[in-house]
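# Inside the fold
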Amino acid sequence: MDTTSTLRTRQAREAVVIRFAGDSGDGMQVTGSRFTVETALAGNDLTTFPDFPAEIRAPAGTTFGVSAFQIQFGARDVVTPGDAVDVLVAMNPAALKVEVKDLRRGGTILVDTGAFTERNLTKAGFPANPLEDGSLAPYQVLTFDITRLTTEAVKPFGLSSREAHRCRNMWALGLMLWMYGRDRQATIEWLHRKFADRAELAQANVAAVNAGHAFGETAEMSEHLVGYTVPSAPVEPGRYRTVSGTEALAWGLIAGMRAAGLEKMIFAGYPITPASLLLHTLANLKAYGVVTFQAEDEIAAIGAAIGAAYSGALGVTSSSGPGMALKTEMLGLAIATELPIVVINSQRAGPSTGMPTKAEQSDLFQAVHGRNGDAPLAVIAAATAVDCFEVAIEAVRIATTYMTPVIVLSDAYLAHAAEPWRLPDATALPKFPVHFRTDPADFHPFLRDPVTLARAWAVPGTPGLEHRIGGLEKDYDTGHISYDPDNHARMTRTRAAKIAGIASGIPPQRVALGDDHGAVAVVGWGSTYGAIHRAVSEARDEGGDVSHIHLRYLNPFPRNLGELLSRFERILVPEMNDGQLVQLLRAAYLVPAIGLSKVEGKPFKVSEIVQAIESTLKGQP
Amino acid sequence: MTVTTITDAELAPKDYASDQEVRWCPGCGDYAILKAVQKALAELGAPRERTVFVSGIGCAARFPYYLSTYGFHTIHGRAPAIATGIKLANPGLDVWVVTGDGDGLSIGGNHMLHVLRRNVDLQIILFNNEIYGLTKGQYSPTSRRGTHSPSTPQGSIESPVSPCAFALGAGARFVARAVDTQQPEVVALLKRAHAHHGASFVEVFQNCVVFNDGVFDHFTSKDVASDTQLHVEHGKPLVFGRNRERGLRLKPGTVALEVVPVGEGGVPPGDILVHDETNRALAQLLVALEPPAFPVALGVLYCNPAASYEAEVYAQARAAGFTGEPADLGALLRREGTWTVAP
Ligand SMILES: Cc1ncc(C[n+]2csc(CCOP(=O)(O)OP(=O)(O)O)c2C)c(N)n1
Ligand code: SF4
Ligand SMILES: [Mg+2]
């Protein structure tokens, strides 16, 4: 390594994508999160995405034990974690092997040569050392013996060699913070808090961060190692924080409960990746009126949510993949008894157990149609981590206003993805107080609001309103069991009309980007928002007549959607499934929508959508 | 939800009946249980507005429609889950679960296990008719080996589960057993179950006149009842028989019960076991007794209260800052890691 000192000026960059990758035990998630915080504090816009292995403790050094964290940050609106990686930090050969394919040509690789031992190379499946065989020629490779440099830096603190080894990630973090001209203060304070009862660990980790930083700063450097500046993004003034989709959902549910004037939320779940995170998050928010319940299975979890709703609380359950399938019969009960619950589905690749940690949007049909009988309910989807907050509030509003279950579609990507969020004024959030029925006069449980068609919410404990409900069909006029054919037809149509009527209370569909008419509309839903948005933006920069329409409301659709779509010549529907929204749109509006399907358990790349837009503009299928 | 109790004029059993026509087969044991429940509610002075009956699916599960309290007829096997949600949302409600042997031990066996082990404060009445009534007579998980039914034309080859043994195994802290037609006993047990904090499990032997008529006759018919039923009472010796001439004692040298003569020419009175309803090991021996060698044990077999689930849930919630009052949402959002962008 070249050790001559050169005074280098920093180069400017619009946006940068960094991926930290290493063994599961190398602390890459922590490294990424800390880099994120320092980047946010520096005023960049950003989006992050962690990618960790499905195995809990995969054997060290293997390719399936690689854990990665990606961040894109920049001076302009950053809406995805980035298609191609600019800088790959690879803490071992396996990480290099797995992640290098996403690195752009000419991108930078930082490796810890100390981890490139014969043994680790074999475990990663490299026949020869890639640092020596020329296979990395398309990239700029920067090699440091991070293992040795870290060991030296933490020597004064008397750690075991294992503990010392675990400080490598902080050394790498220090170097990356230097590279992008970031502060270290928040990280140093965080380390002191984290290791409050083990001062020597705190000091050693801080020393490692400082050593990595100093390495960049001082003479011991490769002349190839350049510092960059990424100007801060023009952002609205206000108080900010980074928020993941899971946190935003949790807080949005609490905000929704408050908006509805409800005293408590009963949140019931059964552990399943990636939905468990929400259960964990809410379990720590009891002070905000949340009671969490880990049920014996997903059926019991939604059952408890229904029982809670029946008793006048906000009933919420959350699951994923196979767990959602188990909730089906209970959803039917909530529809028949017209009780307000919120069901959050963090979609993952299926069918069956599928790929638990990989995002997909393949439960849309299930959400809209997947029940026995004519069983309509409301379905909405979150587009970004920040959007999860509003979507959760909206789910509570629809559920309590219309006395219906609401399915919120999120996914494995949104559960983990994080971005900066300008905090809303908590006092200015919407209000939609519920009205419990208390008047016994002429009461029966299926009395309906003439406008919303919602049935009366009469909760146990209310004198004079004692009544019986259940899954058997009920008489429209009395609420008693009824097998009368005309009554069943009337109740079926009323349930359908109630859900259809939700469309009257939601905003008309707007165009997210571009004109409200033209050659091509790219219609998306859910977490593909960022990639579609960027792709449409790029296509428009090239002069393409294309607009982005992103749906939050999937059942019912907004009132004006059919008319809006009719103003475009072609409709392109990118989805992380084998073509579901595209079919719903065709069925609802008889429009010639064409699908763009991606089912690799990975988010769309912007470039993939740009290409599809180009062919669609040319009129190619 | 705050609960207001109206203490209007004393309610009679008929005041707990709804206006719905009861639709069980004539002669079904469910009628007797319904009457006993209404009587128990009246004797307890249960406020109708605070009382909730939750059921699954089956003949037994039609129960809530026939009561004038709050009622929720849910789906097959899942009533314990919904009842748990009700108690979590409003621990002040008095919640009863009505289930059948198929509902509670087949499709819903998992929920039954967990609601008992968690000790949610519910009264759970399992109507055991050893058959699937509503679906027209298939064998159930409590049907004895050899039971002929539409789905077992050659007789069932499965070993039945004993509901009370299952409940004890699941960690239930109140386990009792009764016969549908013995109204005073059923009423007394329901009142005991109601007084117990935590999950109370009551098995009622219920005669299905259509699909399993007389399955319990060998210990319920008048001529044999006193020789085949042991009515246990806390602190009283375990004796039975027309003239209370037989008793239970521990067989010397092993952990098993044996039937011995008492009184003149019998074993010394001190040998006869005295019922201790807090003794789990004894309860386990009692639930397993079967005719013809032994009598069927009825009454409160086990009662050993502990804090109920929802009480502990709320104790933890309060320790974590739950007050029931709206907390500061703004403070939550600003908890940590925020930064300010100046105008
Ligand atoms: C998911 C589901 N599966 C099957 C049924 C059909 N089913 C209704 S009741 C019942 C069995 C009831 O037996 P039990 O619980 O013993 O009640 P009983 O009718 O004997 O009182 C079955 C299988 C159903 N309603 N739901
Ligand atoms: S089928 Fe049996 S259990 Fe059902 S109502 Fe008739 S007698 Fe009673
Ligand atoms: Mg039965």
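The coordinates are above.
Our subject in this report is the structure included herewith. Predicted model only: the values in this text are computed from it and were never measured.

Turning to the sheet that holds strand β9 (residues 246–250) of chain B, a few remarks are in order. Residues and elements named next belong to chain B. With antiparallel pairing, three strands are arranged side by side in an open sheet as β8-β9-β10. Every interior strand has two partners, whereas the edge strands, β8 (239–240) and β10 (257–261), have only one. In the sheet, β9 pairs with β10 via five bridges, with the strands oriented antiparallel. Each residue of the ladder has a partner; that of Leu 248, found in β10, is Val 259.

Residue and element names in this part refer to chain B. Protein coordination at the magnesium ion (ligand 3): the donors are Asp 101 (OD), Asn 129 (OD1) and Ile 131 (O), at 2.1 to 2.2 Å from the metal. For the magnesium ion (ligand 3), the single-chain donor residues occur in sequence as D-x27-N-x1-I. Placement of the pair is Asp 101 in helix α3 (residues 101–107) and Ile 131 in the loop between β4 (123–128) and α5 (163–170), with a sequence separation of 30 residues. The two residues Asp 101 and Ile 131 agree in class, both being buried.

Looking now at unusual backbone geometry. In this structure, the amide linkage connecting Thr 273 of chain A to the following residue, Pro 274 of chain A, adopts the cis form with an omega of 0°. With respect to the helices, strands and loops of the structure, Pro 274 of chain A is situated in the loop between β10 (265–269) and α10 (276–283). Omega for the bond connecting Gly 350 of chain A with Pro 351 of chain A falls within 30 degrees of zero, at 0°, which places this linkage in the cis form. Structurally, Pro 351 of chain A is set in the loop between β13 (341–349) and β14 (355–359). Of note, the phi angle at Glu 338 of chain A is positive, near 50°, even though the residue is not glycine. Relative to the helices and strands, Glu 338 of chain A resides in the loop between α13 (328–337) and β13. The backbone of Asn 119 of chain B sits at a positive phi, close to 70°, despite the residue not being glycine.

The subject of this paragraph is the side chain of Asp 387 of chain A. Residues and elements named next belong to chain A. Relative to the helices and strands, Asp 387 is located in helix α15 (residues 387–402). Within the local environment of Asp 387, its side chain forms a polar contact with the backbone nitrogen of Ala 383, the two atoms lying 2.8 Å apart. Here Arg 552 takes part through its side chain, which lies 2.7 Å from a polar atom of the side chain of Asp 387. When near neighbours in sequence (up to four residues on either side) are disregarded, Asp 387 contacts Ala 381, Ala 382 and Arg 552.

Another aspect to go through is the site of ligand 2. Every residue lining ligand 2 is accounted for by Trp 24, Cys 25, Cys 28, Cys 59, Asn 129, Gln 206, Cys 208, Val 209, Val 210 and Phe 211 of chain B. Its residues assigned to classes, the shell around ligand 2 shows eight nonpolar, two polar and no charged.

Now for the interface of chain B and chain A. Contacts between the two partners involve 63 residues from chain B, matched on the other side by 69 residues from chain A. Between chain B and chain A the total buried area reaches about 5,600 Å² when both faces are included, carbon and sulfur atoms providing 65% of it. Summed over the three residues of chain B that lose the most area to chain A, namely Tyr 70, Leu 333 and Trp 339 of chain B, the buried surface amounts to 15% of that side. Its salt-bridge partner being Glu 296 of chain A, residue Arg 118 of chain B comes within 2.9 Å of it at the nearest N-O pair. Joining chain B to chain A, the criterion identifies 23 residue pairs in polar contact (both at pLDDT 80 or more). Elements with a minimum of two residues in the side of chain B that touches chain A: β2 (70–73), α2 (79–89), α4 (109–118), α10 (309–319), α11 (329–333) and β12 (338–341) of chain B. Examining the composition of the side of chain B that touches chain A, we find that seven residues originate from one element, α2 of chain B, more than from any other. Taken together, the residues that form the side of chain B that touches chain A break down as 32 nonpolar, 21 polar and ten charged. Taken together, the four bridges between strand β9 (residues 238–244) of chain A and β12 of chain B define a ladder with antiparallel strand orientation. The residue of β12 of chain B that forms the bridge with Gly 238 of chain A is Val 341 of chain B.

With that settled, consider the packing of α5 of chain B against helix α9 (residues 280–287) of chain B. All names here are of chain B. Contact pair α5 / α9: the axes reach a minimum separation of 9 Å and the direction vectors enclose 160°. Taken together, the axes of α5 and α9 are roughly antiparallel relative to one another. For the pair α5 and α9, the sense of crossing is left-handed. Touching Cys 164, Ala 165, Leu 168 and Gly 169 of α5 are Arg 280, Ala 283, Gln 284 and Val 287, all from α9. The residue inventory of the contact of α5 with α9, partitioned by class, reads five nonpolar, two polar and one charged.

Attention shifts here to the pairing of strand β19 (residues 518–525) of chain A. All names here are of chain A. For β19, a buried count of eight out of eight residues is recorded, marking the element as mostly surrounded by other parts of the structure. Bridge count between β19 and strand β22 (residues 568–575): four bridges; the pairing is parallel. Bridge pairing in β22 links Ala 521 to Ile 571. The pairing of β19 with strand β20 (residues 546–551) spans six bridges and is parallel. When the sheet's bridge partners are listed, Trp 525 is paired in β20 with Leu 551.

As a structural note, the neighbourhood of ligand 1 is formed by 17 residues, with Cys 59, Asp 101, Gly 102, Asp 103 and Gly 133 of chain B the closest of them. Neighbouring residues of ligand 1 are not confined to a single chain but are spread across chains A and B. Interatomic distance of 2.7 Å between a side-chain N/O atom of Asp 101 of chain B and an oxygen atom of ligand 1. At a separation of 2.9 Å, an oxygen atom of ligand 1 approaches a polar backbone atom of Gly 102 of chain B.

Thresholds applied
- Residues numbered from 1 in each chain as written.
- Chains lettered and ligands numbered in written order.
- Predicted model: local features only at pLDDT ≥ 70, side-chain atom pairs only at ≥ 80, totals over all residues.
- Heavy atoms only, no water.
- Pairing = 2+ DSSP bridges.
- Helix = DSSP H or I, 4+ residues; strand = E, 2+ residues; numbered from the N terminus.
- Donors = N, O, S within 2.8 Å, 3.2 Å for Na, K, Ca; no water.
- Buried < 20%, exposed > 50% of the residue type's maximum accessible area, 1.4 Å probe, protein only.
- Polar contact = N/O pair within 3.5 Å; in protein donor to acceptor, adjacent residues only side chain to side chain.
- Contact = heavy atoms within 4.5 Å.
- Near = heavy atom within 4 Å.
- Nonpolar A, V, L, I, M, F, W, Y, C, P; charged D, E, K, R; others polar.
- Buried area = accessible area lost by both parts, 1.4 Å probe.
- Salt bridge = Lys/Arg side-chain N within 4 Å of Asp/Glu carboxyl O.
- Axes fitted to C-alpha atoms, helices over the stretch in contact; angles between N-to-C directions.
- Parallel < 35°, antiparallel > 145°, perpendicular 65-115°, else oblique.
- Left-handed = near helix turned anticlockwise from the far one by under 90°.

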